[in-house]
Amino acid sequence: MVRFGVLGPLAVWDDDGGTVRVPEAKVRALLADLLVHGGAPVPVDRLVDDLWGERPPRNPAGTLQARVSQLRRALGDPRLVVHGPAGYRLAAADVDADRFRELCLRQAAGAEERAAQLDEALGLWRGAAYADFADDGFLQAEIARLEELRLTALEEQAEVRLALGARVDLGGLVAAHPLRERLVAAHMRSLYRGGRQGEALAAFTALRERLADELGVDPSPALSALYQAVLRQDPALPSEADGTARTAPSTGRGPAAREPGPAAGPPGRGNLPAPMGDLIGRDAEVAEVAGLLAAHRLVTLTGPGGVGKTRLALETARGVRPPTAGEVWLVELAGAADVGEALAATLGVRDDGAAGLVERLAGALAGKHALLVADNCEHLVQQAAEVVSALLRAAPGLRVLATAQEPLGVTGEVVRVVQPLTEAAAVRLFTARAGIEAGPAVATICRRLDGIPLALELAATRVRALGVEEVAHRLDDRFRVLTAGMRDAPARQRTLRATLDWSWELLPEHERIVLRRLAAHADGCTLEAAEEVCAEPGVDVLDALARLVDRSLVTPGPRYGLLESVAAYCAERLREAGEQETIRERHARYYTALAERAELRGSRQREWLDRLDREAANFRLALAGPRPLRLVNALAWYWFLRGRLGEARRSIAAALAATPPGAGPEQEREAAVASVWLAGMTLAIGESAPAIRRDGLDRAGRALADWLPAQVRWAYGDQRAHEEAVERALRAFEELGDRWGVAAALQLRAKLAAVRSDLDAMRRDGERSLAIFRELGDGWGRIEAMDALDRLAEMRGDYAEAARLREEALELAEELGFEVAFRLSAVGRVALLEGDYARADDYHERARRLAVEQSYKSAEEHAVLGLAMSARRRGRHAEAEALLLPWLGWLEEVRGTPGIAFVLAELGFAAEQRGDAETAAARQRAGHAAARASGDPRAVALALEGLAGAEALAGDAVRAAELLGEAAALRRSVGTPLAAGERFDVDRITATARAALGDDRFRQAHATGATRAPGTA
């Protein structure tokens, strides 16, 4: 597996530990962006913004795709960079930062084992994290997180070493990070242990003065106690007895970073409850919210129910020190009916029912530095906004940290959306609560529960009874499974359903309508789709969406989505409302219409491919709608371009099966067109096609029926039948005025001309086709037309031109995301002809893997043939035969006569080179028959050259020379004499025959063969 290093300059290593070079700064930045997201998909828009910022390229998506292609080539495995509806992601990445985190968080049996873990973890660092991207904004948060974790590990490492009796030198670290109290504490202990009491006391004094000057705070009580112990020269310092104590990572932000031990409330008055357990996975957020609170007087934490807003708020409030707040008060509003009354009860302000309660509250807070934590404001949001606004105006020393499912909407408010936990943090929380190790089932649970802490904790309580695999299996019925919450939790947090009921009951009816109808979508939807599917008279869908986003029930656009648990809940509400079938039909109609208006043949091809990619999940849902034939016909070309042949065949076959006979003339026509697409997809996969329903086709449908099967099988089957079909299609497209169809037929006719070695026809039709496709702006068409022209260049021995065309076609194919396997093999062929076997193997192997992934049989055969040719030319004859022999049966099944002739020639050469004359002759004779049946003069010439090799091996040098002469004459007759890159076998056989005959006799026999009619020798 490829390994990635980010704990230093970005590095990539292969399986053997060798360095993999990733060229170009933008490609390396792309890799860094994918790595920082830890295997999660990154939307295209986000990548473009991260890489180019305010100066994006002219074609952002296309340029990004080109960079992705470069990255895939550099990594050597296209499967490592995966593209899906949600964007790009890295698959199965082995990253040193992940290993570092895992070692830092791993439990240890004792101090020695922990010391070894920390040594291994810190040994992974090669410099600053993402050192070559220090100025890139999209990496700053991750760099800060990694640096914080590194410093925390260094602090713990120092503590553990001290516990083991070792000496540690922390002077340099303390100088670099003078406000980290835990680090200073370890430094003081180390100095004291070394008999340097005065320096230990001076370290404390320096920290105390810096804290006072820069932050206006005092050292923590724990550090002050350590100072007193050093001053008294105590033999055992506080907290030194157990060096194996584990702590959460420090935030590194002065007073928020504390010594190990239970969290204490801030000095002064307040009512914060003591913590009931660790807050896992939120260290960075605690530091961030604390920073926001220091800079702003009103901070509101929003997010969906169960995401952990309250826990984050309380943890932040516990670390707040003067001057931000001298008193910290929690007012719980979930069960309150009036904000003022709840706040009065909390602060002990008399509420006699008279007017002016808010003024009395303001008076109680006036002149104080206080922090008010207003928790669960969502059901009283208007009241909360009014009271908080009034108090902030009246009490300058007051700060408010609110939690709600939507912002308060008050002047000066800073909103911080609390996101679900990352996958790594979710796994840590779940395994800690369930008391188990991480594994695939745990990852599934964390992903399907969207990283929502409450849902994860509810699921963890079921592990003891059900086991983790069964919990994962039962998440389709999550509302029955996740019902075992803590008895001391608020009623709304004891079950997953109760949490969602709480949010649902707060919504007005028009927002409930839109929310439940959004559940009909899969993987989110656009505003246009929402307005179509969720519409209701008198309901402004856009306004409702905006409110639902504010309430944290819908993810923000441009794609509006629901967390999986919210979607499941809303699907139940949709059924309860009796709307399921109606909305499902609306959904199917909208996405069918969307597919039908997609412009996949022309200049907007890439734009529409990307748009359809994003709707893949919705299309799959819509296929269960009332008119699946319309949808599969609209999507067929999209599936073909994307190489989703298996999906296309399954979907089209299912749509045909779901359409009863006699369904009406319109559906009969749709069924006939679908049968054409089904035949084409099946042939492209490499299997025998079902019959086409030609009777139901109109003129355009018959043109498609002639063109498509020949397009996907032009190198196999009856060449004359293909030529007749393409001529019919070309006439029909011309009569219909379909210029795209005309260009498509011309490029196919140019390829068929290659089988006859008709170079003039290849050039004429290929250039005309390319000109039309360039004018239309159609990428697929340009690739196909260039395919005919680059074959022509190869046949003429112009490898530079062939390489230029093929590399241009490959770049375009990778940018557009289709026909990549064939284009990779095409570039590999030029490398093979130029003798660069390592490069050829790289391209052919990448092509083979991609073709297998896409079930693209003909592309796989093409790639394997290239690998076999390379192996044989390097003397690995048995390997070449092993690669080729399994393909003969398939080629015979699909009537791939030109391919059979070529494979038999290669197999014959392999047998000849390993000294088996009888097998070589038999294979070459069979190949000669197949070549003559194909009508390809170049194939016949190759077979004659193969027969010459077999005769030379058998000792008949005269016959070998005659056959070589006959082959050379045949090649000259069609204007394709052997180019340098194709002379490997002819030169080898010529040398053998010439050595046996001498120059004069060889020339005589060669000339004799050249005068014969082909095939008479």
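None of the values given here were measured: they were computed from a predicted structure.

What counts as what
Residues numbered from 1 in each chain as written. Predicted model: local features only at pLDDT ≥ 70, side-chain atom pairs only at ≥ 80, totals over all residues. Heavy atoms only, no water. Helix = DSSP H or I, 4+ residues; strand = E, 2+ residues; numbered from the N terminus. Buried < 20%, exposed > 50% of the residue type's maximum accessible area, 1.4 Å probe, protein only. Contact = heavy atoms within 4.5 Å. Lys, Arg positive; Asp, Glu negative; His and termini not counted. Charge placed at Lys NZ, Arg CZ, Asp CG, Glu CD. Patch = residues over 30% accessible without salt bridge, like charges linked within 9 Å, V, L, I, M, F, W, Y side chains within 5 Å. Areas by Shrake-Rupley, 256 points an atom, 1.4 Å probe, with all protein chains shown as cover. Salt bridge = Lys/Arg side-chain N within 4 Å of Asp/Glu carboxyl O. Pairing = 2+ DSSP bridges. Axes fitted to C-alpha atoms, helices over the stretch in contact; angles between N-to-C directions. Expected span 1.5 Å × (residues − 1). Bend = angle between axes of the 7 residues up to and from the residue. Phe/Tyr/Trp six-rings, centres within 6.5 Å; stacked < 30°, edge-to-face > 60°. Lys NZ or Arg CZ within 6 Å of the ring centre and 35° of its normal. Left-handed = near helix turned anticlockwise from the far one by under 90°. Nonpolar A, V, L, I, M, F, W, Y, C, P; charged D, E, K, R; others polar. Core = buried A, V, L, I, M, F, W, Y, C linked by side-chain atoms within 4.5 Å. Disulfide = S-S within 2.5 Å. Parallel < 35°, antiparallel > 145°, perpendicular 65-115°, else oblique.

## Describing the overall build of the protein chain
Here's step 1: Each helix and strand counted, the protein chain has 48 helices and 10 strands in total.
Here's step 2: Along the longest, intermediate and shortest principal axes, the C-alpha atoms of the protein chain span 115 × 80 × 55 Å.
Here's step 3: Looking at the 1017 residues of the protein chain, the share that counts as buried comes to 55%.
Here's step 4: Within the protein chain, contacts between residues at least 6 apart in sequence are counted, and of these 69% link residues at least 24 apart.
Here's step 5: Treating the 130 positive side-chain charges of the protein chain as one cloud and the 148 negative ones as another, the clouds have centres 1 Å apart.

## Thoughts on unusual backbone geometry
Leaving glycine out, the prevailing phi sign among residues is negative, and the prevailing peptide bond configuration is trans.
Here's step 1: Positive phi, normally seen in glycine, also occurs at Asp523, with a value near 60°.
Here's step 2: With respect to the helices, strands and loops of the structure, Asp523 is situated in the loop between helix H23 (509-518) and helix H24 (527-533).
Here's step 3: On the accessibility criterion, Asp523 (45% relative accessible area) is partly exposed.
Here's step 4: Its identity as a non-glycine residue notwithstanding, Ser552 has a phi of 65°, on the positive side.
Here's step 5: Looking at where Ser552 falls in the secondary structure, it is placed in the loop between helix H25 (541-550) and helix H26 (564-576).

## Quick word on a negative patch on the surface
Here's step 1: A contiguous patch of negative charge on the surface is contributed by Glu531, Glu532, Asp540 and Asp543.
Here's step 2: Relative to the helices and strands, Glu531 is located in helix H24.
Here's step 3: What makes Glu531 partly exposed here is its relative accessible area of 37%.

## Looking at the sheet that holds strand E1 (residues 3-5)
Here's step 1: With mixed pairing, the 3 strands of this open sheet are ordered in space as E2-E1-E5. For this open sheet the edge positions go to strand E2 (11-13) and strand E5 (94-95), each flanked by a neighbour on one side alone.
Here's step 2: Bridge count for E1 against E5 is 2 bridges, and the pairing is parallel. By the bridge assignment for E5, Arg3 is matched with Asp94.

## A few points about the sheet that holds strand E10 (residues 413-417)
Strand pairing in a sheet takes place through backbone hydrogen bonds and is either antiparallel or parallel in direction.
Here's step 1: Spatially, 5 strands are ordered E7-E8-E9-E6-E10 in an open sheet, and the strand pairing comes out parallel. Strands at the two margins of the open sheet, each flanked by one partner only, are strand E7 (327-332) and E10. When the angles between neighbouring strand axes are averaged without regard to direction, this sheet yields 15°.
Here's step 2: The pairing of strand E6 (residues 298-302) with strand E9 (residues 398-403) spans 4 bridges and is parallel. Along E9, the bridge assignment pairs Thr300 with Ala402.
Here's step 3: Against the sheet, helix H11 (residues 283-295) makes contact with E6, strand E8 (370-375), E9 and E10, and its axis sits at roughly 140° relative to E9, the strand it touches most.
Here's step 4: Helix-sheet contacts for helix H13 (residues 339-347) involve E7 and E8, and the interaxial angle to E7 is about 135°.

## A few points about helix H42 (residues 877-893)
Here's step 1: With 17 residues, H42 ought to run about 24 Å at 1.5 Å a step, and its terminal C-alpha atoms sit 25 Å apart, in line with that.
Here's step 2: Remark: the principal bend of H42, roughly 30°, maps to Trp887.
Here's step 3: Buried positions along H42 lie against helix H41 (857-873), helix H43 (897-913) and helix H44 (917-934).

## Considering the packing of aromatic side chains
Aromatic ring pairs: the centre-centre distance and the angle between the two ring planes describe each pair.
Here's step 1: Considering all chains together, one arrives at 18 aromatic pairs under this definition.
Here's step 2: Measuring from centroid to centroid gives 6.3 Å for Trp637 and Trp677, while their planes differ by 45°, and the two rings are tilted. Here Trp637, found in helix H30 (residues 628-642), pairs with Trp677, found in helix H32 (residues 665-685); they are 40 residues apart in sequence, far enough to count as distant. The burial state of Trp637 is the same as that of Trp677; both residues are buried.
Here's step 3: Linked through ring pairs, Trp637, Phe640, Trp677, Trp707, Trp740, Phe773 and Trp780 together constitute an aromatic cluster.
Here's step 4: Stacked on the ring of Trp125, the Lys or Arg Arg150 has its end atom at 5.5 Å from the ring centre.

## A closer look at the packing of H11 against helix H12 (residues 309-319)
Here's step 1: The contact between H11 and H12 brings their axes to 9 Å, and the two run at 65°. Read as a crossing pair, H11 and H12 show a hand that is right-handed. Contacts between H11 and H12 involve Glu285, Val286, Val289 and Ala290 from the first element and Leu312, Glu315 and Thr316 from the second.
Here's step 2: In terms of residue class, the contact of H11 with H12 is built from 4 nonpolar, 1 polar and 2 charged.

## Structural notes on the environment of Ala295
Here's step 1: Among the structural elements, Ala295 can be located in helix H11.
Here's step 2: On the basis of relative accessible area, Ala295 is assigned to the exposed category, the value being 58%.
Here's step 3: When the C-alpha atoms of Ala295 and Gln719 are compared, they prove to be 77 Å apart, with 424 residues separating the residues in sequence.

## Topic: the nonpolar core
Here's step 1: Counting residues in hydrophobic clusters, the biggest one holds 167 residues, and the most contacted among them are Phe430, Ile652, Trp707 and Trp780.
Here's step 2: For this core, the element with the highest residue contribution is H32, accounting for 12 residues.
Here's step 3: When sequence neighbours within four positions are dropped, the list of residues in contact with Ile652 reads Val632, Trp639, Ala674, Trp677, Leu678 and Met681.
Here's step 4: Grouped together as the second largest cluster of nonpolar side chains are 55 residues, Leu10, Val44, Val81 and Val95 included.

## Points about the state of the cysteines
Disulfide: a covalent bond connecting the sulfur atoms of a pair of cysteines.
Here's step 1: Going through the model one piece at a time under the given rule, you end up with 0 disulfides.
Here's step 2: With no disulfide partner, Cys525 has as its closest neighbouring cysteine sulfur the one in Cys534, 6.1 Å distant.
Here's step 3: Given a relative accessible area of 0%, Cys525 falls into the buried group.

## Quick word on the pattern of salt bridges
Here's step 1: This model, assessed by the stated rule, comprises 97 salt bridges.
Here's step 2: Residue Glu615 is joined to Arg559 by a salt bridge in which the shortest nitrogen-to-oxygen separation is 2.8 Å. With Glu615 in the loop between helix H28 (605-614) and helix H29 (616-622) and Arg559 in the loop between H25 and H26, this residue pair connects regions lying 56 residues apart in the sequence.
Here's step 3: By relative accessible area, Arg559 is classed as buried at 19%.
Here's step 4: The residue Arg1012 makes a salt bridge to Glu962 at a minimum N-O spacing of 3.0 Å. On the criterion of sequence distance, the pair formed by Arg1012 in the segment after helix H48 (999-1010) and Glu962 in helix H46 (residues 957-973) is long-range, its members being 50 residues apart.
Here's step 5: Shared partners join several salt bridges into a network, and the residues in it are Asp77, Arg79, Glu845, Arg848 and Arg849.

## Thoughts on the packing of helix H4 (residues 96-105) against helix H6 (residues 140-163)
Here's step 1: Two numbers describe how H4 lies on H6: the axes approach to 11 Å, and their chain directions differ by 40°. Between H4 and H6, the crossing angle belongs to the class labelled oblique. The two elements H4 and H6 cross, and the hand of that crossing is left-handed. When H4 is examined against H6, the residues Ala97, Phe100, Arg101 and Cys104 are found in contact with a partner set consisting of Glu142, Leu146, Leu149, Arg150 and Ala153.
Here's step 2: In terms of residue class, the contact of H4 with H6 is built from 6 nonpolar, no polar and 3 charged.

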